[in-house]
Structure formats: structure tokens, C-alpha cells
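Residue-level structure breakdown
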Amino acid sequence: MIFPGPSRRDPDRIAGEVWAAVASGLGGRMFEALRDRRSLAYTVLATSWQRGRAGALVTYIATSPEREEEAREAMLDELERFTQSPVSDSELRQGVNYLSGQAEVGRQSGGAVAGEILEAWMIGNGLGDLENPGAAFRATAADDVSRVAQRYLRSSKRAEGVVRGTGLSSRAGG
């Protein structure tokens, strides 16, 4: 599922990234609800995709064909929860710590730093974006994440796609 989301220059872009960190990954809200508690998914993820003039909040769930509709409805329910109740302090702390750490790890090569400089200069708010990559995440509050969820996670504004396998082996003779 894909929803409109904050662009790279939108002040809500950081809260969009925090939402994705809280929703996704091992221990994320959607992972816990859809995989651990309900065994509906092999993989669950959320991301905030941002470009200069457009953005999106993207979700993905890999499930078995016979549980497709159940998984779809459960994902929509979990996304609705983000619009109704704020993220907990522990969810926020975990998401912010993850993103702050990733920002530092992402700077371990010259090529990565050059790419970050280019992105900030070309589609971001300028080189000031690079001063302290974790600070913006640490300044994000639960209310900021709720505001992004309420603004963007609207069922009527989503696009949806399904990829199904054929069950056929791609190996020769299989």
C-alpha cells in the first residue's frame, strides 16, 4: 500500500521517517501485530519515501495467498491505529534510537557522505541538514508522528498492489 507522504523539503519528513521506524522492522508495531501475534506475515515493512517535490508512506506485507484478504484488512486496521492513538514512549524511543544510529552508520564511507551532501543540496533544505543527523529524530515527539499519520494514512487516498507467484519453479526441468 502506498499513501501520499511528506516530501524531502516538508517539515514533517522527519516525523514520517520516525513513523516508518516505529511501524516497521523487528519489534515494530506492525511487525508485532501482524507477524508475531497473528502469524499473518513473513515480512512486514513500512518506509517513508521522500523526493524533492513528492513523498509517500509505503507499506508492504508478504503473506500466504489464502490469508491475503485477512492480512490486508489487518494491515489497514493497524494503520488506522496510528491515526487514533499516539505511539508509546518506548516505541518512539526505539524508533528514534534506530534512526539516529543509522544516520551515523550511513556516514562511514566517503561515497555515502558525498551522496548525502548532494541530496541535501539538490532536493533538501541545504547543507544545514547535515550538521547533526540524529538531532532532528531526537526532537520528534509522539504528537508529530500522530500528526503525520492523521494527515497521510487515509484509506481513501491509498494505492494498492498485489504481487502473486505462480507456484511454478523457475529452474530448468522443475
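Residues numbered from 1 in each chain as written. Predicted model: local features only at pLDDT ≥ 70, side-chain atom pairs only at ≥ 80, totals over all residues. Heavy atoms only, no water.

Next up on the list: the nonpolar core. Residues V18, W19, M30 and F82 are the most contacted members of the largest nonpolar core, which totals 36 residues. At the level of elements, α1 (13-23), α2 (29-37), β2 (43-50), β3 (55-62), α3 (68-84), α4 (89-105) and α7 (142-152) are the ones that each hand at least two residues to this core. Here this core gets 8 residues from one element, more than from any other, and that element is α1. In this structure, M30 is in contact with A23, R35, V44, L45, A46, T59, M75, E78, L79 and F82, ignoring residues within four places of it in sequence. (Core = buried A, V, L, I, M, F, W, Y, C linked by side-chain atoms within 4.5 Å. Buried < 20%, exposed > 50% of the residue type's maximum accessible area, 1.4 Å probe, protein only. Helix = DSSP H or I, 4+ residues; strand = E, 2+ residues; numbered from the N terminus. Contact = heavy atoms within 4.5 Å.)

This part takes up the pattern of salt bridges. The tally for this structure, following the rule as stated, stands at 17 salt bridges. R151 serves as the salt-bridge partner of D12, at 3.2 Å between the closest nitrogen and oxygen. Separated by 139 residues along the polypeptide, D12 in the loop between β1 (2-4) and α1 and R151 in helix α7 bring together distant segments of the chain. According to the relative accessible area criterion, D12 is buried, its value standing at 7%. The structure contains a network of salt bridges with shared partners spanning D10, D12, D144, R147 and R151. (Salt bridge = Lys/Arg side-chain N within 4 Å of Asp/Glu carboxyl O.)

Turning our eyes to something else, we now look at the side chain of R13. Tracing the backbone through its elements, the reader meets R13 in helix α1. Apart from the residues within four sequence positions on either side, R13 is in contact with P6, S7, R8, S48, Q50 and D129.

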